[in-house]
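So the chains spell out like this:
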Amino acid sequence: MLKVTENQEVNFSEEMLAQFGEIVSHYPEGREKSALLPIMHLVQKEYGWMSVNAMDKIAEYLNLQSIEVYEVATFYTMFHLSPKGKYVLDICRTGPCCLVGAEKIMEHIEKTLGVKEGEVTEDGLFSWRGVECIAACGFGPVLQIGPEYTFYENLTVEKVDQLIAELRKKEQEK
Amino acid sequence: MSRKLLYEHINVPGIETFEVYRQKGGYRAVEKALSSMSPEDVLEEVKASGLRGRGGAGFPTGMKWSFLAKPEGVPRHLVCNADESEPGTFKDRHLMTFIPHLLIEGMIISSFALGAKDSYIYVRGEMMPQIRILEKAIAEAKEAGFLGENILGKGYDLEIHVSPGAGAYICGEETALLESLEGKRGNPRIKPPFPAVSGLYNRPTVVNNVETISATVPIINDGGEEYAKVGEGRSTGTKLISACGNLKKPGVYEIEMGLSVEEFIYSDEYCGGIARGKQLKAVVAGGSSVPILPANLITTTANGEKRLMTYESLAEGGFETGTMLGSGGFIAFDEDQCIVRNTLNFARFYAHESCGQCSPCREGTFWLDKVLYDIEYGKGSQSDIDLLVNIAHNIEGNTICPLGDAAAWPVASAVRHFREEFEWHISHPEEAQTRNFGVGPYADPLVSTVTE
């Protein structure tokens, strides 16, 4: 569901536009719409989420109607339709990971971060959510963190604590 | 030690680089195909190999290729399905991470056979690290003259592009994948027309799984007939099995088809048995959408024959007492696992992933989820069990794409084989919150588990 509660200023840099151009060149002439998903990933990486402004600008760039971008953004779970923490912890919640303790990991993350699924911590650093199978079932429980989507496998409560502490430390050192 | 056709060099340090892959004989198949074979020759070898689609459906690859329409002046495309998202399956991610050039080499051979000049690898969006690995591998192959214009001076041009998805299980269905690749919502298309006639951009298209395309490399190197000698009956060659759940050694294994299920689970060469010395309760043998089987039916068929890791043997007994090889996502459940809870989990998964186009699937998956939720949390009634069977039956076969079937089968099979456990859950709502049903009679080979 697309609900506009916040928006943001969006201006694509020269560098981003060059990347867009490179992506568009992968598809045949007249089929530029194919570049939509990869471009949306780049925009989300830059701005953290898919605001209406961002989607409208993408539509303008690809010569699409805005609705063509909205309908894609609302279909695919990787696009965030509201602001999220800098680090979004996507924890696999599907069968095979649950057989090896994913539910406990999610409970622990909820307790540690002190926010419910989808919410943002006060410092703006973290969000978490349960996602469906991310194809790492043999190494569960797993989570990954965008925008690089690095996998963290064979999770334990201790490993999660360590990961969160490391990310916090990294931010403090900046 | 069984033969490895895809993973022979998987443990060689640096095999992910072009240099090492090439040293180990990589890209020989491309050289062979381009210098001494016609596209038709390649197709004939693939037909002779008996290779079947490794993504789940098991359709003969050579036949799929031969359906490709070849109208004059219309470009054709090969699209690699790397949208691996069937719960329990993680072989494609593994292959792309550790030996990406195998896929690139297979893409070149397959594209040559099909006459495609622009081929795409559609990778699920969550696999950003693998997308970067593939992009690097493509750049290396291009640098070495195996991609681009006039490859190896043989007059064949090919570009391979990597295109990301964005988190939708349905995009693993080939027509939904094509919609997504065109920049749209992943709603499956009505067939016919099949992609072989009207696929990507309405052009003739073949969509193949990562492992299928990779398997063309040993087929061209050794010949289709040699490949067909490996395996058992119509299940030729090797298969990557993703083993997970409560196993001592989960992971990706390349097996020769025809290996017994028992050996796969218990031998130290493969999974090494059940973790923490527990007893096996049930197995989902081919990814979450195939029927779940109790322990006694997974190692032997209802006729008392040894069950093998082949398309045919796993399906022996039909849906009454058999299952499917599917994508090779092998999920083992130990005695501490609750079948009701797991069935709820899978039902929730399919409800979440239904694209919403067809009402039986859109409504039915949510209904299954709701009824199972009530049973799991102590609010179910005995009539709910038959309701589940009824809903599953009404979804099955009534949808555009197989997601409806995929949602119905796990529920129907769980009730078929584990009905007692569902009944116990409902008649002991409070106890079921504190302990699990346990292994029950499911591991006993003398007990029939079909309650219908």
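How each quantity is defined
Within each chain, residues carry numbers counting from 1 in the order of the written sequence. Here the convention is simple: chains get letters from A, ligands get numbers from 1, in the order in which they are written. Only residues with pLDDT of at least 70 are given local features in this predicted model, and only at 80 or more are side-chain atom pairs given and counted; all residues enter the totals for whole chains, interfaces and linings. The helix count covers DSSP runs of H or I at least four residues long, the strand count covers runs of E at least two residues long, and both are numbered beginning at the N terminus. Two strands qualify as a pair provided that DSSP identifies no fewer than 2 bridges between them. By convention, orient the strands away from the viewer: a clockwise path from the first strand over the helix to the second makes the crossover right-handed. Here an axis means a line fitted to C-alpha atoms, over the contact stretch when the element is a helix, while the angle between two N-to-C directions is reported on a 0 to 180 degree scale. It is the C-beta atoms, placed from the backbone, that decide contacts: two residues are in contact if theirs lie within 7 Å. Note on residue classes: Ala, Val, Leu, Ile, Met, Phe, Trp, Tyr, Cys and Pro are nonpolar, Asp, Glu, Lys and Arg are charged, and everything else, Gly too, is polar. Per the annotation, domain bounds derive from an automatic or database assignment of domains. Buried means a residue has 20 or more other C-beta atoms within 10 Å of its own C-beta, exposed means 12 or fewer, and partly exposed covers the counts in between; C-beta atoms are placed from the backbone. The term nonpolar core means buried Ala, Val, Leu, Ile, Met, Phe, Trp, Tyr and Cys residues held together as one set by C-beta atoms within 7 Å. Multiplying one less than the number of residues by 1.5 Å gives the expected span of a helix. Oblique is the label for any angle not covered by the other classes, which are roughly parallel (under 35 degrees), roughly antiparallel (over 145) and roughly perpendicular (65 to 115).

Let's hear about the overall build of chain A: which residues, and what values?
Along chain A, the regular secondary structure elements total 7 helices and 4 strands. Each helix and strand of chain A, ordered N terminal to C terminal, gives the series α-α-α-α-β-α-α-β-β-β-α.

Describe in detail the pairing of strand S3 (residues 159-164) of chain B, supporting the description with residues and values.
All names here are of chain B. Pairing geometry for strand S2 (residues 118-123) and S3, over 6 bridges, is parallel. Of the residues in S3, the one forming a bridge with Tyr120 is His161. The handedness of the S2 to S3 crossover, carried by helix H7 (residues 128-143), is right-handed.

Tell me about the sheet that holds strand S1 (residues 87-92) of chain A, and please be specific about residues and values.
All names here are of chain A. Ordered by their spatial adjacency, 4 strands build an open sheet running S2-S1-S3-S4, and the pairing between neighbours is mixed. Across the chains shown, the open sheet's two edge strands, defined by having one partner strand only, are strand S2 (126-131) and strand S4 (150-152). Strand-to-strand, the axes of this sheet are offset by a mean angle of 25°, without reference to chain direction. When S1 meets S2, the two strands line up parallel, connected through 6 bridges. Looking across to S2, one finds that Cys92 is bridged to Val131. This element, helix H6 (residues 102-113), spans S1 and S2 of the sheet and lies at about 155° to S1.

Before we move on, could you go through the interface of chain B and chain A and cite the residues and values that matter?
In this assembly, 45 residues from chain B lie in contact with 34 residues from chain A. Of all the secondary structure elements, the ones that give two or more residues to the side of chain B that touches chain A are H7, S3, helix H8 (174-181), strand S7 (238-245), strand S8 (251-256), strand S11 (329-334) and helix H15 (339-353) of chain B. It is H15 of chain B that provides the largest number of residues to the side of chain B that touches chain A, a total of 6 residues. Residue classes in the side of chain B that touches chain A are distributed as 18 nonpolar, 20 polar and 7 charged.

Tell me about the domain arrangement of chain B, and please be specific about residues and values.
Residues and elements named next belong to chain B. When the domains of chain B are assigned, the result is domain 1 (18-229), domain 2 (238-334) and domain 3 (339-434). Taken over C-alpha atoms, the centre of domain 2 sits 23 Å from the centre of domain 3. On the side of domain 3, 10 residues touch domain 2, which itself brings 9 residues to the contact. It is strand S10 (residues 292-294) that provides the largest number of residues to the side of domain 2 that touches domain 3, a total of 3 residues. Its residues assigned to classes, the side of domain 2 that touches domain 3 comprises 7 nonpolar, 2 polar and no charged.

Describe the pairing of S11 of chain B, listing the residues and the values that go with them.
Residue and element names in this part refer to chain B. Of all 6 residues making up S11, 6 are buried, and the element is well covered by its neighbours. Because side chains alternate across S11, one face comprises the buried residues Gly329, Ile331 and Phe333, and the other comprises Phe330, Ala332 and Asp334, equally buried. One ladder, built from 4 bridges, connects S7 with S11; its direction is parallel. Counted as the bridge partner of Gly245 is Ala332 from S11. With 4 bridges joining them, strand S9 (residues 280-284) and S11 adopt antiparallel strand pairing. Bridge assignment links Leu280 to a residue of S11, and that residue is Asp334.

Quick rundown of the sheet that holds S11 of chain B? Include the residues and the values.
Residues and elements named next belong to chain B. The sheet built from 5 strands is open, its strands ordered S8-S7-S11-S9-S10 with mixed pairing. Strands with a single pairing partner mark the edges of an open sheet, and in this sheet they are S8 and S10. Along the sheet, successive strands turn relative to each other by an average axial angle of 30°, direction set aside.

Describe the nonpolar core, naming the residues involved and giving the relevant values.
If you look at the biggest cluster of nonpolar residues, it comprises 192 residues, and the most contacted ones within it are Ile91 of chain A together with Val79, Cys80, Ile109, Ile121 and Val283 of chain B. Contacts of Ile121 of chain B, omitting those with residues within four sequence positions, involve Cys80, Ala82, Met107, Leu134, Ile160 and Val162 of chain B.

If you had to explain helix H6 (residues 100-114) of chain B to someone new, which residues and values would you point to?
Taking 1.5 Å as the rise per residue, H6 of chain B with 15 residues should run 21 Å; its terminal C-alpha atoms sit 21 Å apart, in good agreement. One or two residues past the end of H6 of chain B sits Gly115 of chain B, with phi positive at roughly 75°.

How would you explain the environment of Thr216 of chain B if you had to name every residue and give the values?
Residue and element names in this part refer to chain B. Tracing the backbone through its elements, the reader meets Thr216 in helix H9 (residues 210-222). Taking the number of C-beta atoms within 10 Å as the measure of exposure, Thr216 has 29 and is therefore buried. Spatially, the C-alpha atom of Thr216 lies 9.7 Å from that of Tyr227, the residues being 11 residues apart in sequence. Once you skip the residues sitting within four places of it in the chain, Thr216 turns out to touch Val46, Gly106, Ile109 and Ser110.

Quick rundown of the packing of helix H3 (residues 39-49) of chain B against H9 of chain B? Include the residues and the values.
Residues and elements named next belong to chain B. Contact pair H3 / H9: the axes reach a minimum separation of 10 Å and the direction vectors enclose 100°. Compared by their axis directions, H3 and H9 come out roughly perpendicular. Packed against H3, whose contacting residues are Val42, Glu45, Val46 and Ser49, the element H9 presents Thr216, Ile219 and Ile220 at the interface. In terms of residue class, the contact of H3 with H9 is made up of 4 nonpolar, 2 polar and 1 charged.

Describe unusual backbone geometry, with residues and values.
Here Gly140 of chain A and Pro141 of chain A are connected by a cis peptide whose omega angle stands at -10°. In this fold, Pro141 of chain A is placed in the loop between S2 and strand S3 (143-145). Following Pro192 of chain B, the chain continues into Pro193 of chain B via a peptide bond in cis, with omega recorded as 5°. Looking at where Pro193 of chain B falls in the secondary structure, it is placed in the loop between H8 and strand S4 (205-209). The phi dihedral of Leu152 of chain B falls on the positive side, at around 55°, and the residue is not glycine. Along the chain, the position of Leu152 of chain B falls in the loop between H7 and S3. Even without being a glycine, Asn202 of chain B presents a positive backbone phi close to 60°. With respect to the helices, strands and loops of the structure, Asn202 of chain B is situated in the loop between H8 and S4. Of the residues examined, Asn202 of chain B has 13 C-beta atoms within 10 Å and is grouped as partly exposed.

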